Amino acid sequence: MHPLKRKSPLRRIVLASAATVSGMVLLLSMKPHTSPGLALAAPPPGPSSSTGASSGSGGSSGSGGSGGSGGSAMTGTKTVTGDSVPTRYGAVQVRITVKNGKLTDVTAVAYPQDNARDQEINRYAVPQLTREALAAQSASIDAVSGASYTSAGYQRSLQSALDRAGG
Amino acid sequence: MAELADQVNDPAQAPSVLRHTEEVMGTVFSFDVRGGEPETVRSALEEAIAALHRVDEVFSTYREHSQISRLSRDELAVGDCDPEVAEVLALGAVAERLSGGWFSTRYEGRIDPTGIVKGWAVERAARHLAAAGARGVSVNGGGDVQMYGMPEPHRPWRVGVSDPLRSGGLAAVVSAAGSDELAVATSGTAERGAHIVDPRTGRPAVTDLVAVTVVGPRLTWADAWATAAFAMGSREGLAWLESLPEVEGLLITAGDEVRCTGGLAARWG
């Protein structure tokens, strides 16, 4: 798809999610005075970011319309490219894909090209971004790694929920 | 839980799914085994479970009469123990050397291989199932995971990393895509408090970290490296993990910052 996708250390973060996003538009935003990580925020719907899968304007080519212009693809799939936002590492722009109401993909379409910064993003910003995105989603996973739990701790672990659900 | 109340799904359709949870070694082991000849795989699972209980008997430092307890009291020589004892102590010695002493199998001057036994036992159980012909194997021993193969055709195993600062949340998802083996081990204070000891002082490690997750091919090492990096702290721990071949790491600080090695991005789920 996008040439940046393969080369970039900001790799595609696929979120095979279970929770619904219900048309919510997520934008990568950065408040300079807050934590060094990147935060996913849900801004109030603007005029150009109409929710719902039928806002067929524009494409998903990363044109980066202001205010997160929406673009829809096939039935139930919607891609939104956020504004380019300044971060401590430089300007970063992401595109998200929402499929049938679920956030399925987060891709960086623009990011600092400078090598050192690139590394910084790779090591600090991307894990933070992933974490923030996952915090709002329930990812499709097979097992959970965490600090060693005891038999009692297992009962309230995510792993036990997975085991009960039978995957 | 200890009963073999397993779920075997769609035996006619490949791959079959065999799940089991087993309480052993002070925690719970979760098995997820796909494919293979059902009877053979089920026998292998029973053997793997029996082996884990044997490991508990032999290596537990909580059991007064375990071989490890008797070994540490000099009532027994290594040669008198099960051969696994020598094997695990040798692995522990390697881990101690490769970590510059940050990982240790001694505690208060006594032999205590607890830090390496679990990862080794999980890896061995998973390997036993893979060797029995299972197409996909996932064994999670109390938060440390070893996987082989794939759960389904065209779908890799995916492991969520528990977020220590947000109960029920995930800090990351790691995928086995492109690899036939994946180990994910986490050391941290979220579940059992400050139980990681700085081998140099014998006291709880002074660290700015709340969790370290290490990703690699083998859980024996991933588990030991997670423990060592946790004791080192974020700065030294990250640099050290970066220097190890085939190993990636994700570190979460008490200040709620997340850091990872440069190659981890390739493993994002």
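Rules used in this analysis
Residues numbered from 1 in each chain as written. Chains lettered and ligands numbered in written order. Predicted model: local features only at pLDDT ≥ 70, side-chain atom pairs only at ≥ 80, totals over all residues. Heavy atoms only, no water. Helix = DSSP H or I, 4+ residues; strand = E, 2+ residues; numbered from the N terminus. Buried < 20%, exposed > 50% of the residue type's maximum accessible area, 1.4 Å probe, protein only. Areas by Shrake-Rupley, 256 points an atom, 1.4 Å probe, with all protein chains shown as cover. 1 Å grid on protein atoms, 1.4 Å probe; cavity = no way out; pocket = protein on both sides within 12 Å on 5 of 7 lines; lining within 4 Å. Points joined across faces, edges and corners; volume = space filled by probe spheres on them. Nonpolar A, V, L, I, M, F, W, Y, C, P; charged D, E, K, R; others polar. Arc of directions from axis to C-beta. Phe/Tyr/Trp six-rings, centres within 6.5 Å; stacked < 30°, edge-to-face > 60°.

Under an unreviewed UniProt entry, the name given to chain A is FMN-binding protein, and the source organism is Streptomyces colonosanans.

A.B. asks: Quick one: what's the story with the overall build of chain A, residue by residue and with numbers?
C.D. replies: The helix and strand inventory of chain A stands at four helices and nine strands. The order of α-helices and β-strands along chain A, N terminus first, is α-β-β-β-β-β-β-β-β-α-β-α-α. Evaluated residue by residue, chain A yields a buried proportion of 49% over its 167 residues. Working note: accessible area of chain A is about 7,700 Å², and carbon and sulfur atoms make up 53% of it.

A.B. asks: Explain the layout of surface pockets to me, using residue names and the numbers behind them.
C.D. replies: Residues and elements named next belong to chain B. Put simply, the largest pocket is a space of about 1,400 Å³. As for the largest pocket, its lining consists of 43 residues, of which Thr 61, Tyr 62, Asp 112, Thr 114 and Gly 115 are closest to the centre. A class-by-class count of the residues in the lining of the largest pocket yields 14 nonpolar, 18 polar and eleven charged.

A.B. asks: Got a sec to walk through helix H4 (residues 158-165) of chain A? Specific residues and values, please.
C.D. replies: Residues and elements named next belong to chain A. Residues of H4 that are buried: Gln 159, Ser 160, Leu 162 and Asp 163. Here the buried residues of H4 occupy an arc of 155° about the axis, which is enough to place them on one side. Turned more than 90 degrees from where H4 packs its buried face, Arg 164 and Ala 165 sit exposed.

A.B. asks: Give me the lowdown on the packing of aromatic side chains, citing residues and values where you can.
C.D. replies: Residues and elements named next belong to chain B. As enumerated under the stated definition, the model contains four aromatic pairs over all chains in all. Note on Trp 225 and Trp 240: the rings are 5.4 Å apart at their centroids and 85° apart in plane angle, and the pair reads as edge-to-face. Separated by 15 residues along the polypeptide, Trp 225 in helix H5 (residues 219-232) and Trp 240 in helix H6 (residues 234-243) bring together distant segments of the chain. A single burial state applies to Trp 225 and to Trp 240, both of which are buried. Joined through ring pairs, the aromatic side chains of Trp 221, Trp 225 and Trp 240 make up one cluster.

A.B. asks: Account for empty space enclosed by the protein, with residues named and values stated.
C.D. replies: One pass over the full model with this rule turns up three cavities of 30 Å³ or more. Of the voids in this model, the largest cavity is the one considered here, and its volume is about 80 Å³. Listing elements by their share of the lining of the largest cavity, those giving two or more residues are H4 of chain A together with strand E3 (27-34) and strand E6 (136-141) of chain B. A class-by-class count of the residues in the lining of the largest cavity yields four nonpolar, five polar and four charged.

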